[in-house]
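Reading the structure
The lines below spell out each chain.
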Amino acid sequence: MSKNDKKNKQSGSSNMDQLKSEDILQAVVLGDSFDRKFAPITLEKPRTLLPLVNIPLLDYTLEFLAASGVQQIFVFCCAHASQIKEYIQSSRWHDLPGVQVICMTGSNCRTTGDALRGVYDAQVIQSDFILISGDVVSNMNLQKALQIHKDRRELDKNNIMTMVYKQASSTHRTRSKQDDTVIWCNRDTMQVVCYDNSPSKKKSSISVELFQKHPSIQMRYDLIDCHIDICSPEVLALFNDNFDFADIRKDFIHDILTSDLLDYKLSAYVLQGEYAARVKDLRTYHSVSKDIIHRWTFPMVPDNNFMCNSSYSLSRQMIYKEKNVKLLGDCLISDETVIGTQTEIGAGSIVSHSTIGRNCIIGKNVKINGSYIWDDVTIQDNAIIDHSIICNGSIIKSSSIIGRGSIIGFNVYIGQSKTLEPFSKITMAQYNEDEDDEELLEEYFKEINLNDDNNNNNNNNNENNKTNRWLMENELYNELVPRINDSIHDDIESDESGDEGDKSGGKIKNNKNNDDNPIEPDSVKFHREVGDTIRRGIIEKLPLENIQLEINGLKFAYDRDGLDCLTSILPVLLESSSSSSSTTDSVTPKELQQFIAGRISAFSPLLVKFSSEDSMVDLIFKIQDFCDENEKFKVVFQPILHQLYENDVISEEAIFEWAEEIEGDEEDDGFYLKKCKGFIDWLKSAEEESDDSDDSDDDDDDSDESD
Amino acid sequence: MTQTQFQVVILATDKASGNSKLEPIDATIPHSLLPIANRPLISYQLEFLEKAGFETKSEPVIIVVNETSQEKIKQYVSEIYKGKIEVEFFVLKDQLATCEILYRIRDKIRLEYFMVLNANLVLEDTFIRQMADLHRKEESSLTVLLKPPTPKVEQKGKGATETSTKQDKLFTDYIALEEKSQKIVMMEPATEVEEDLNFNKSLLKYFPNVTIYTNLQDTQLYIFSRWVLDLIIEDQKEKYPLFFDIKKHLIPYLLSCQIPNIKRKRALPASAFNQNQTLSQTMSSTTSPFDQFSELNAQKNKTIKCFAHLLKKEGYCMNVNTIKNYQQINRDIAKGDLQYLPNEPKSEKNFFIDPTANVTITQVGPQCVIGTSTTLGAKCSVKFSIIGKHCKIGDGVRIENSIIMDHVIIEDRCVINSSIICNDVYIKSGSSTVGQYLTK
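Residues numbered from 1 in each chain as written. Chains lettered and ligands numbered in written order. Predicted model: local features only at pLDDT ≥ 70, side-chain atom pairs only at ≥ 80, totals over all residues. Heavy atoms only, no water.

Going by the annotation in UniProt, the name recorded for chain B is Translation initiation factor eIF2B subunit gamma, with Dictyostelium discoideum given as the source organism. In its Subcellular location section, UniProt records this for chain B: "Cytoplasm, Cytosol". Per UniProt, chain B has the following entry under Sequence similarities: "Belongs to the eIF-2B gamma/epsilon subunits family." (UniProt positions renumbered as here; feature names shortened; annotations may be inferred.)

In the nomenclature of UniProt, chain A is known as Translation initiation factor eIF2B subunit epsilon of Dictyostelium discoideum. For the record of chain A, the UniProt heading Subcellular location holds the text "Cytoplasm, Cytosol". The record in UniProt for chain A states the following under Sequence similarities: "Belongs to the eIF-2B gamma/epsilon subunits family."

Set out below in structure tokens:
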């Protein structure tokens, strides 16, 4: 491979001799996104090669660049580099006249910064170039943007980068929900003066000082970051000088804008009619697919067959079919659907709003809605697939049900009549200790048996052929379809009602959405199942790790957070005390207290796993509610708190915060506060002592410095 | 064209003009009577109100004055002013904030809209008309008039900006506009902002593309809808009223009410939500009781709208709140190509000399104004300057780029350059003043 690279470079340099060096337009494509938004799929295949409407993402990017007149494209690959190289070798990019696609590898790269330092070291960039992520779909007029960048640079040498943004409302579907970008730029020069991407913050702020240089500043909340940047060579040099730059957006832009030493300027270019979007996460995968099917990306639409290896044609209702698609019997293909060649769909099946790859076999009476089914997938009769991604080569046996938002990895086998909960992620990838990726943890993998129940022949599956459930928690909003919680979150944000409504709102929503079983909403079901698990654990004396795994599974299945788990676990731990000693109804508070102490310390490792800094205060309130409901526990509220504190489930800060919040609350005459006063005072005094010791430490430090 | 729906309130109190930096020249003269090209400031305001067609027979213009200055201003209006505008004075015995003043005069404001203007403003009447049209057309609750930076001032300012940033802060506002719709989203005086400007994301959702200006000048001319007065009245009834100053409290509050569903400290009165809407709904034939959107619309109507009218570059508008501005407007009016002219007749050579003045024409250069009964000695030269009434200027005096008010006596061979000489000043022979402001 590396030899090939060298050859390419040599031929590149000979080409360069023919043209003036400044005439060559170069682009750097980042073949890796350095994140895990598409895990577990990306454990086996790089993101840039994932098919988007049956065409690999990289092809959209390369086609866009080639169509825009870029002559030399460097694809920088990190993870799965060999796959990308192989793909480029085998596709038409290998020998397309006028465009040279060159692969570069940096297997040790962990960040975009590393990759750009790699590009710098290779010394291939001559002049202004385009830096683009390998998963961008666009039909914008790049030459125009380039010209604007050059004009700006003419005016001021320090204009080293022009970022391309697309104007779209803040609720636009192709806007990744994980971003919350506010861009401040000079109204007249479009120079970016402040860049703020902090979804968690409710406010965006700008320093007043900036107004001295820029009398009028535009504040844009309606821009989508397209991840197309027109850069001058200085950008690479800057990355090389600052080895701690990791991300372009987070580090580089932030540093340039806030640095007093560097006088570099960044500018924005806002697209209005044209299309540009990055497939950033699962949600944008879904929305960009829709955009392509609805032809916003023209000329990059399936029936244009721009990769010259497909044969799509468009029929009414946005249905795209390749040649040799077999539709048997009375199967129903409804709107927004794409079907690849050699695919067969059985009688009675219903396919809607979905993309199906090549060589798939879909049985009878299968229902597929809103899903992405890649190549060589077999789906047998009566299966139901809802808003999921199913990767190449998977087999889904008859009557299986794949819940919404699921991701089925490559070559997964799902047995007969299996039901996958919503948002399941299944992969055949194995945890590999040798891999030096520290962020890839073994606990993300949990073996799951999806083989047919009655079919034991498959037991010859050896060690390397296990099916795993992927347990890494996805960030908020990174799912193919919104989780119910997402939409609640949206509502709350829009009506500003604050956090109080969160939980109750969730329950109400759940009730509404689960019309099928109106008796038991998810939250109740979850509560019951966790309770059962704990009770079983107590009776059978199961090891804590097993209980934890089980609860973790439930947590993901029902999409709950750690706080929900704790509020479900704690009552059971305490309640079983009342049931075990229910014969003597008059348990003295002392006995109860001792019992609680024992229980909590016994289960503390489990509790600690689910507790988090942010939710501790809420947890205390939950305990308070629980005590309100159970008269008996009212007296032992303080001991419970104390035990939880002793076992590191809640921190003293949380207790203080709770005490502060409850102070203004006159509802129950400060009953709980009075109860805990002694305890809190004790905590405070302890803290002061430790503070004192800290202070003395500080003094030591100071003296060291003065030396 | 007459404006019958607007009631005008001119705030001519010390405090309202307290934001000005005119010391020492306004020490002896009430702000409203400062001479500008030998005409008191207030005459310009009455002139543009008349030109803009305000109907004041039944609803006179309300001028709010302090007790100390009331006599002089009243005297001017009743004795010297000859225009058609009817004026009613409201004398303030104590120092009140602007919102409280509005509260006091609430019974006098009866029309659908009211316009509040600061006594330091001079502008062309067409802007008022455009602004009034905007206010009515868009069913605005508040419309403000903003002045874009004039390139001239910027050039001059360049050298001075660094030294005078502190002073400028008084007159600088952070103004956020949604350019497409002309809506104003935020207006914060620079004095109220310390380090960071903060924007709530909820605001950003409704106004995703706003531009924040620091170089727009608030002319302190506001048009309010009548319901705003109801809001002030309700607020004043509270134990701790929120609104004192129109600019610092009332306007930011109204602007924040443009975002729907925001928590409001003071409920907006029911009259805030478009009376016109209901009218148009009942008039419109398409509205039926079964209209599925009516509820949705009702929700939408729970917000108010505020607009900004940007002055066009070529029009004239000036807030007389700094000495620099005061000199500038004197020069501008003396040029004689504006809508406003000095009272003195214009001569061919583009200067204005009262017929009773004792002046040899060759002594006076263009763009000068010389008032009644003023005498100039022999071999004087006057360039780009304004000389008031009843002044006595001795022989061989050179006056350039200066403003000389009434009853000033200047003895022989003085040199006066870029100065302001206030009423009744006596300058001994042979003195020279450059860039000074002299009062008695």
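1. Digging into the sheet that holds strand S33 (residues 413–414) of chain A
Strand pairing within a sheet occurs via backbone hydrogen bonds; the two strands may be parallel or antiparallel. All names here are of chain A. One open sheet holds the six strands; their spatial order is S18-S21-S24-S27-S30-S33, and the pairing between them is parallel. In the strand order of this sheet, the two ends are held by strand S18 (326–327) and S33, each with one partner. Taken together, the two bridges between strand S27 (residues 378–379) and strand S30 (residues 395–396) define a ladder with parallel strand orientation. Looking at the pairing, Ile379 lines up with Ile396 of S30. (Pairing = 2+ DSSP bridges. Helix = DSSP H or I, 4+ residues; strand = E, 2+ residues; numbered from the N terminus.)

2. Digging into the environment of Ser107 of chain A
With respect to the helices and strands, the residue Ser107 of chain A is situated in the loop between strand S5 (100–105) and helix H4 (112–122). Look at Ser107 of chain A and you get exposed, because its relative accessible area is 62%. (Buried < 20%, exposed > 50% of the residue type's maximum accessible area, 1.4 Å probe, protein only.)

3. Overview of unusual backbone geometry
All names here are of chain A. Pro40 follows Ala39 through a cis peptide bond whose omega is 0°. With respect to the helices, strands and loops of the structure, Pro40 is situated in the loop between strand S1 (26–30) and strand S2 (51–52). In this structure, Pro299 follows Phe298 across a cis peptide bond, with omega equal to 10°. For Pro299, the location among the structural elements is in the loop between helix H9 (282–293) and strand S16 (313–315). For Asn54, which is not a glycine, the phi torsion comes out positive at approximately 70°. Locating Asn54 in the fold gives a position in the loop between S2 and strand S3 (55–56). In the Ramachandran plot, Asn411 falls in the positive-phi region, its phi being about 55° despite a non-glycine side chain.

4. Here we look at helix H17 (residues 637–646) of chain A
All names here are of chain A. The buried fraction of H17 amounts to seven of the 10 residues, a majority that puts the element mostly inside the structure. Those residues of H17 not exposed but buried are Phe637, Pro639, Ile640, Leu641, Gln643, Leu644 and Tyr645. Just past H17, the residue Asp648 takes up positive phi, approximately 65°.

5. A closer look at the domain arrangement of chain A
Domain annotation of chain A identifies domain 1 (26–278), domain 2 (311–431 + 441–453 + 465–470) and domain 3 (522–578 + 587–687). The centre of domain 2 of chain A, based on its C-alpha atoms, is set 43 Å off from the matching centre of domain 3 of chain A. (Domains from an automatic or database assignment.)

6. Here we look at the nonpolar core
Of all hydrophobic cores here, the largest spans 64 residues; its most connected members are Leu52, Leu65, Ile130, Ile228 and Ile389 of chain A. Shared between two domains, this core holds at least three residues of each, these being domain 1 (26–278) and domain 2 (311–431 + 441–453 + 465–470) of chain A. Not counting chain neighbours up to four residues away, the residues in contact with Leu65 of chain A comprise Ala27, Val29, Val70, Ile73, Ile130, Ile132 and Leu142 of chain A. Core analysis: the second largest hydrophobic core is formed by 60 residues, Leu46, Ile128, Tyr326 and Met405 of chain B among them. (Core = buried A, V, L, I, M, F, W, Y, C linked by side-chain atoms within 4.5 Å. Contact = heavy atoms within 4.5 Å.)

7. Overview of the environment of Met405 of chain B
With respect to the helices, strands and loops of the structure, Met405 of chain B is situated in the loop between strand S23 (403–404) and strand S24 (409–410). Separated by 66 residues in the primary sequence, Met405 of chain B and Gln339 of chain B place their C-alpha atoms 23 Å from one another.

8. Description of the state of the cysteines
In the structure shown here, the tally under the stated rule is zero disulfides over all chains. Note on Cys185 of chain A: no disulfide assigned, nearest cysteine sulfur contributed by Cys194 of chain A at a separation of 11 Å. Free of any disulfide, Cys391 of chain B has its nearest neighbouring cysteine sulfur in Cys422 of chain B, separated by 11 Å. (Disulfide = S-S within 2.5 Å.)

9. Concerning the packing of H4 of chain A against helix H7 (residues 233–241) of chain A
All names here are of chain A. Orientation of H4 relative to H7, taken along the N-to-C sense of each, is 115°, at an axis distance of 8 Å. By the angle between their directions, the pair H4 and H7 is classed as roughly perpendicular. In terms of crossing hand, the pair formed by H4 and H7 is left-handed. Here H4 contributes Gly113, Leu116, Arg117, Val119, Tyr120 and Asp121 to the contact with H7, which in turn contributes Leu236, Ala237, Phe239 and Asn240. (Axes fitted to C-alpha atoms, helices over the stretch in contact; angles between N-to-C directions. Parallel < 35°, antiparallel > 145°, perpendicular 65-115°, else oblique. Left-handed = near helix turned anticlockwise from the far one by under 90°.)

10. Brief notes about H4 of chain A
All names here are of chain A. Residues Thr112, Gly113, Ala115, Leu116, Arg117 and Val119 constitute the buried set of H4. Where the residues of H4 are buried, they touch S1, strand S4 (72–77), S5, strand S6 (129–133), H7 and helix H8 (248–258). Gln123 occupies a position one or two residues after H4 and carries a positive phi of about 55°.

11. Section: the interface of chain A and chain B
Contact residues are listed per partner, giving 28 residues for chain A and 25 residues for chain B. The contact between chain A and chain B buries some 2,400 Å² in all, and 52% of this surface belongs to carbon and sulfur atoms. On inspection of chain A and its partner chain B, the count reaches two salt bridges. Between Arg187 of chain A and Glu179 of chain B there is a salt bridge, with the nearest N and O atoms lying 2.9 Å from each other. Taken together, chain A and chain B are joined by 14 residue pairs in polar contact (both at pLDDT 80 or more). For the side of chain A that touches chain B, the secondary-structure elements that each account for two or more residues are strand S9 (181–186), strand S11 (203–207), strand S12 (216–220) and helix H10 (484–495) of chain A. Across five bridges, S12 of chain A lies against strand S12 (residues 209–213) of chain B in antiparallel orientation. Bridge pairing links Arg220 of chain A to Asn209 of chain B in S12 of chain B. (Buried area = accessible area lost by both parts, 1.4 Å probe. Salt bridge = Lys/Arg side-chain N within 4 Å of Asp/Glu carboxyl O. Polar contact = N/O pair within 3.5 Å; in protein donor to acceptor, adjacent residues only side chain to side chain.)

12. Re the packing of aromatic side chains
All told, the structure shown has 18 aromatic pairs over all chains when counted by the stated rule. Between Tyr645 of chain A and Phe679 of chain A, the ring centres sit 6.1 Å apart and the planes meet at 75°, which makes this aromatic pair edge-to-face. In this pair, Tyr645 of chain A is assigned in helix H17 and Phe679 of chain A in helix H19 (residues 671–706), connecting sequence segments 34 residues apart. Its relative accessible area of 5% is what places Phe679 of chain A among the buried residues. Their ring planes at 75° and their centres at 5.6 Å tell us that Tyr44 of chain B and Tyr340 of chain B sit as a pair that is edge-to-face. Taken together, the positions of Tyr44 of chain B in helix H1 (residues 41–51) and Tyr340 of chain B in the loop between helix H11 (323–335) and strand S16 (352–353) put the pair 296 residues apart, joining distant regions of the chain. (Phe/Tyr/Trp six-rings, centres within 6.5 Å; stacked < 30°, edge-to-face > 60°.)

13. Observations regarding the domain arrangement of chain B
All names here are of chain B. When cut into domains, chain B gives domain 1 (6–150 + 169–266 + 302–326) and domain 2 (345–438). Relative to domain 2, the C-alpha centre of domain 1 lies at a distance of 36 Å. At the junction of the two partners, domain 1 supplies eight residues and domain 2 supplies 13 residues. Around 860 Å² of area is buried between domain 1 and domain 2 when both sides are counted, 74% of it from carbon and sulfur atoms.

14. A word on the sheet that holds strand S25 (residues 415–417) of chain B
Residues and elements named next belong to chain B. As summarised here, the arrangement of the four strands in space is S19-S22-S25-S28, forming an open sheet in which the pairing is parallel. Of all the strands in the sheet, just strand S19 (381–383) and strand S28 (432–434) have a single pairing partner and so form its edges. Direction aside, neighbouring strands of the sheet carry axes that sit 5° apart on average.

15. Observations regarding the pairing of strand S9 (residues 173–178) of chain B
Residues and elements named next belong to chain B. In terms of burial, S9 is a largely internal element, six of the six residues being buried. Alignment of S9 against strand S10 (residues 183–189), held across six bridges, turns out to be antiparallel. Across the sheet, the residue bridging to Glu178 is Lys183, located in S10. Alignment of S9 against S12, held across three bridges, turns out to be antiparallel. Paired with Ala176 across the bridge in S12 is Ile212.

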